[in-house]
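# Survey of secondary and tertiary structure
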Amino acid sequence: MSRWILVGVLWLAGASAAFAIDQEIAFSDPSMNTRYLSLIREIRCPKCLNESIADSDAPVAADLRREVRRLMGDGKSDDDIKDFLSARYGDFVLYRPRVSETTWALWAGPFVFLVIGGIVFWRIVRSRLGQPLDDEESAA
Amino acid sequence: MWRYARYAIPVAIFVAIGGFFYRGLGLNPNDVPSALVGKPMPKFSLPTVTDPDATITSDALQGKVALVNVWGTWCIECRHEHGFLVQLAQAGVPIYGLNLRDDRASAMSWLAQLGNPYVTSGFDPKGVAAVDWGVTGAPETFLIGRDGNVIFKHISPMTPQVWRHDFLPLVEEQCRAGGCEFLAAAGGR
């Protein structure tokens with residue numbers, strides 16, 4: 001029982017986020033609504049730069065939310081909707097940019113640095129392996 | 001000599017990152033590259049501002065070198081650029097308006113008061129065509145080429161400097177085949 005109350009409270013918490021920006025729940029189907037709310041968090045407002053269209057009250061963000069609702073209502077997938085928006089506003093509007101010739105460095109960068117860090121770490125450890133312990137440690 | 005080389009590594013990293021930051025300081029974060037440049041202009045069909053029964057479609061722009069200017073009476077910077085748009089129109093530059101999120105009465109009195117530089121203005125109170133055009137706000141000005149492609153997009157007011165520096169060279173290129181009677185009057189060659 002208490003679990004269902006918790007579920008209800010969490011669901012309402014999500015719904016109140018929708019209320020905050022658009023005054024009404026986008027979809028009566030909760031799973032569609034959840035999908036909608038997570039999708040608009042992944043789309044960047046092209047006018048206000050550091051806000052998603054879920055957070056921004058700029059007119060263009062409201063228009064894009066309306067387009068997302070319309071496309072979802074037409075049964076389009078998340079990928080279709082992202083294609084639609086990036087064809088008009090560029091990769092810029094996707095908070096999770098796709099891998100392309102301009103973004104591969106962005107995606108590969110962290111792994112490159114991880115490998116470099118790993119090599120440095122390994123070399124330091126290896127160079128110290130042969131050394132005797134220093135005075136303090138050998139005294140203990 | 002090589003013993004000290006590794007001390008140069010952090011300095012090099014610092015210089016590289018500093019270089020990126022320094023470059024970033026000079027960039028305008030509102031300069032969002034348009035996804036439409038080099039692509040065919042989006043199709044649209046809208047009622048006009050001055051006559052709800054008349055329609056303006058993208059076909060009207062096909063085959064012309066023309067400007068598409070996004071405006072609205074709520075937009076302060078549109079008022080700032082309006083005088084220069086009127087001058088361009090007087091020189092003969094075809095400017096098509098996209099009136100965004102406005103009401104018809106205000107838009108009509110704006111045009112009556114400040115002059116109407118537009119061949120026609122499409123009326124888009126909900127911003128439906130604006131989304132297809134990747135419009136983020138107003139004012140924005142697109143240059144449409146003879147082949148119907150979007151050649152250039154400028155966000156923020158059109159000024160004589162922007163026209164001379166950013167638009168004219170592209171307009172001249174588009175007009176090489178002739179047919180731009182306005183070119184000389186608008187400052188071009």
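Now for a quick tour of the structure. (Residues numbered from 1 in each chain as written. Chains lettered and ligands numbered in written order. Predicted model: local features only at pLDDT ≥ 70, side-chain atom pairs only at ≥ 80, totals over all residues. Heavy atoms only, no water.)

### Here's the deal with the overall build of chain A
- Of regular secondary structure, chain A possesses six helices and zero strands.
- Secondary structure elements of chain A, listed N to C terminal, follow the sequence α-α-α-α-α-α.
- For chain A, the residues scored as buried account for 29% of the 140 residues in total.
- Sequence-distant contacts in chain A: of pairs separated by 6 or more residues, those separated by 24 or more amount to 45%.
- Accessible area of chain A: about 9500 Å², with a carbon and sulfur share of 62%. (Helix = DSSP H or I, 4+ residues; strand = E, 2+ residues; numbered from the N terminus. Buried < 20%, exposed > 50% of the residue type's maximum accessible area, 1.4 Å probe, protein only. Contact = heavy atoms within 4.5 Å. Areas by Shrake-Rupley, 256 points an atom, 1.4 Å probe, with all protein chains shown as cover.)

### With respect to empty space enclosed by the protein
Residue and element names in this part refer to chain B.
- Per the stated rule, a full pass over the model turns up two cavities of 30 Å³ or more.
- The calculated volume of the largest cavity comes to roughly 70 Å³.
- If you go around the largest cavity, the residues you meet are Phe-44, Ile-56, Val-68, Tyr-96, Gly-97, Leu-98, Thr-120, Ser-121, Gly-122, Ala-129 and Trp-133.
- Elements represented by at least two residues in the lining of the largest cavity include exactly strand E4 (95-100) and strand E5 (121-124). (1 Å grid on protein atoms, 1.4 Å probe; cavity = no way out; pocket = protein on both sides within 12 Å on 5 of 7 lines; lining within 4 Å. Points joined across faces, edges and corners; volume = space filled by probe spheres on them.)

### Notes on the state of the cysteines
All names here are of chain B.
- All chains considered together, the criterion is met by three disulfides over all chains.
- Between Cys-75 and Cys-78 runs a disulfide, and the two sulfur atoms are separated by 2.1 Å. Given an S-S torsion of about 90°, the disulfide between Cys-75 and Cys-78 has right-handed geometry. Grouping residues by exposure puts Cys-75 and Cys-78 together as buried.
- The disulfide partner of Cys-175 is Cys-180, and the gap between their sulfur atoms is 2.0 Å. Disulfide Cys-175 to Cys-180: torsion about the S-S bond roughly -85°, handedness left-handed. (Disulfide = S-S within 2.5 Å.)

### Re the environment of B:Phe44
Residues and elements named next belong to chain B.
- Note on placement: Phe-44 falls in the loop between helix H1 (8-25) and strand E1 (45-47).
- Assessed through its relative accessible area of 15%, Phe-44 is described here as buried.
- Between the C-alpha atom of Phe-44 and that of Asp-59, which follows or precedes it by 15 residues, the distance is 8.5 Å.

### A word on the sheet that holds E5(B)
Residues and elements named next belong to chain B.
- Spatial ordering of the open sheet is given by E5-E4-E3-E6-E7, a layout of five strands whose pairing is mixed. On the outer flanks of this sheet lie E5 and strand E7 (150-155), each paired with one strand and no other. With direction set aside, neighbouring strand axes in the sheet form an average angle of 15°.
- Taken together, the five bridges between strand E6 (residues 140-144) and E7 define a ladder with antiparallel strand orientation. Within E7, the position partnered with Glu-140 by the bridge is Ile-155.
- Along the sheet face, helix H2 (residues 76-91) touches strand E3 (66-71), E4 and E6 and points at about 155° away from the line of E3.
- Most of the contacts of helix H5 (residues 160-174) go to E7, to which it runs at about 170°, and overall it touches E3, E6 and E7. (Pairing = 2+ DSSP bridges. Axes fitted to C-alpha atoms, helices over the stretch in contact; angles between N-to-C directions.)

### Quick word on the layout of surface pockets
- The volume enclosed by the largest pocket comes to roughly 330 Å³.
- In terms of lining, the largest pocket is formed by A:Arg44, A:Tyr89, A:Gly90, A:Asp91, A:Phe92, A:Pro97, A:Thr102, A:Thr103, A:Leu106, B:Pro33 and B:Ala35.
- Its residues assigned to classes, the lining of the largest pocket shows six nonpolar, three polar and two charged.
- Looking at which domains feed residues into the lining of the largest pocket, each of domain 1 (1-97) and domain 2 (99-140) of chain A supplies at least three. (Nonpolar A, V, L, I, M, F, W, Y, C, P; charged D, E, K, R; others polar. Domains from an automatic or database assignment.)

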